[in-house]
Amino acid sequence: ELKVEQNPLFLSMQEGKNYTIYCNYSTTSDRLYWYRQDPGKSLESLFVLLSNGAVKQEGRLMASLDTKARLSTLHITAAVHDLSATYFCAVDVINSGNTPLVFGKGTRLSVIA
Amino acid sequence: EAQVTQNPRYLITVTGKKLTVTCSQNMNHEYMSWYRQDPGLGLRQIYYSMNVEVTDKGDVPEGYKVSRKEKRNFPLILESPSPNQTSLYFCASSLRSGRLLYGYTFGSGTRLTVV
């Protein structure tokens, strides 16, 4: 059974600082997705990582995937208040007829002045 | 606009009163799924559908039913709702070609309260 663990689950950071959210998963996969969720809202797709070594950047967020280490990171550069949200990683299960996405529990990020 | 539409957005109901949450997508996606989101538990899959007339259980199917009579619609049915089904529900869809899954498009969510 695929397990997806995110660390940390809660993160309070100051504006202007850098930080990294980690997403570890337990079985082989080569696809990983990052989503953002604002309170009471739906999930918005941020990044789709489809191969080992993939790196995607959008504004102050950068995501990477290391399939050998079964690890993805979401790096935040010079945080701003607008980045406050909950961030989920999700992993696609190889060789599963269902091909569901298995989600981590999410990292609630709060950026404070 | 490509989207997944859920209705209603908010629903308060009483225990035992049957309800249906509708989900419709306009992207011709084969794959559709229902998730529930609860604090501390993350997103858990309830049911999914690989295509028309093909549905199967996810991780937490008890107390729920689904149907997929048309490609665009995937309603979630609670025959006899109970308070432990109070949750935030999301419908999601995806294009699928073989194993390829391009990530989900999520609906806006339905906040259900069962009293």
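Below or above, wherever it landed, is the structure these notes cover. Nothing here was measured: the structure is a model prediction, and the numbers come from that model.

All names here are of chain B. On the surface, Ile12, Val14 and Val115 cluster together to form a nonpolar patch covering roughly 300 Å² of accessible area. For valine 115, the position within the fold is in the segment after β13 (110-114). With relative accessibility at 56%, the residue valine 115 sits in the exposed group.

Turning our eyes to something else, we now look at the sheet that holds strand β8 (residues 76-78) of chain B. All names here are of chain B. Taken in spatial order, the 4 strands of this open sheet run β1-β3-β8-β7, and their pairing is antiparallel. Each end of this open sheet is capped by a strand with a single partner; those strands are β1 (4-7) and β7 (65-66). Alignment of strand β3 (residues 19-25) against β8, held across 3 bridges, turns out to be antiparallel. What sits directly across from threonine 20, in β8, is isoleucine 77.

On to the packing of aromatic side chains, then. Using the criterion set out here, one finds 11 aromatic pairs over all chains in the structure. Measuring from centroid to centroid gives 6.0 Å for Phe103(A) and Phe106(B), while their planes differ by 70°, and the two rings are edge-to-face. Remark: Phe106(B) occurs in strand β12 (residues 105-106) and Phe103(A) occurs in strand β10 (residues 101-103); the pair is interchain, linking two chains. Each of the two residues, Phe103(A) as well as Phe106(B), counts as buried. Plain terms: the ring middles of Phe90(B) and Phe106(B) are 6.1 Å apart, the flat faces sit at 90° to each other, and that makes the pair edge-to-face. One end of the pair, Phe90(B), is in strand β9 (residues 87-94); the other, Phe106(B), is in strand β12, and 16 residues separate them in sequence. Of the two residues, Phe90(B) and Phe106(B), both sit in the buried class. Through pairs of rings, three or more aromatic residues link up here, namely Tyr35(A), Phe103(A), Tyr31(B), Tyr35(B), Tyr48(B), Phe90(B), Tyr104(B) and Phe106(B).

This part takes up the pattern of salt bridges. All names here are of chain B. Applying the stated criterion across every chain yields a total of 5 salt bridges over all chains. Between glutamate 79 and lysine 18 there is a salt bridge, with the nearest N and O atoms lying 3.9 Å from each other. On the criterion of sequence distance, the pair formed by glutamate 79 in the loop between β8 and β9 and lysine 18 in the loop between β2 (10-13) and β3 is long-range, its members being 61 residues apart. Here arginine 36 makes a salt bridge to aspartate 38, at a shortest N to O gap of 2.8 Å. Here the two residues arginine 36 and aspartate 38 agree in accessibility, since each one is buried.

Attention now moves to the side chain of Thr110(B). All names here are of chain B. By the element assignment, threonine 110 lies in strand β13. Using a relative accessible area of 0% as the deciding quantity, one classes threonine 110 as buried. Looking at threonine 110, its side chain comes within polar contact range of the side chain of glutamine 6, at 3.1 Å. A polar contact is formed between the side chain of threonine 110 and the backbone oxygen of proline 8, at a distance of 2.6 Å. Filtering out sequence-adjacent residues up to four positions away, threonine 110 remains in contact with Gln6, Asn7, Pro8, Arg9, Val21, Ser87, Leu88 and Tyr89.

Okay, the environment of Leu46(A) next. Residues and elements named next belong to chain A. As for its placement among the helices and strands, leucine 46 is situated in strand β5 (residues 43-49). The exposure class assigned to leucine 46 is partly exposed, which follows from its relative accessible area of 24%. C-alpha of leucine 46 to C-alpha of glycine 59: the two residues are 13 residues apart in sequence and 11 Å apart in space. When near neighbours in sequence (up to four residues on either side) are disregarded, leucine 46 contacts Trp34, Tyr35, Arg36, Leu61 and Tyr87.

About the cut-offs
Residues numbered from 1 in each chain as written. Chains lettered and ligands numbered in written order. Predicted model: local features only at pLDDT ≥ 70, side-chain atom pairs only at ≥ 80, totals over all residues. Heavy atoms only, no water. Patch = residues over 30% accessible without salt bridge, like charges linked within 9 Å, V, L, I, M, F, W, Y side chains within 5 Å. Areas by Shrake-Rupley, 256 points an atom, 1.4 Å probe, with all protein chains shown as cover. Salt bridge = Lys/Arg side-chain N within 4 Å of Asp/Glu carboxyl O. Helix = DSSP H or I, 4+ residues; strand = E, 2+ residues; numbered from the N terminus. Buried < 20%, exposed > 50% of the residue type's maximum accessible area, 1.4 Å probe, protein only. Pairing = 2+ DSSP bridges. Phe/Tyr/Trp six-rings, centres within 6.5 Å; stacked < 30°, edge-to-face > 60°. Polar contact = N/O pair within 3.5 Å; in protein donor to acceptor, adjacent residues only side chain to side chain. Contact = heavy atoms within 4.5 Å.

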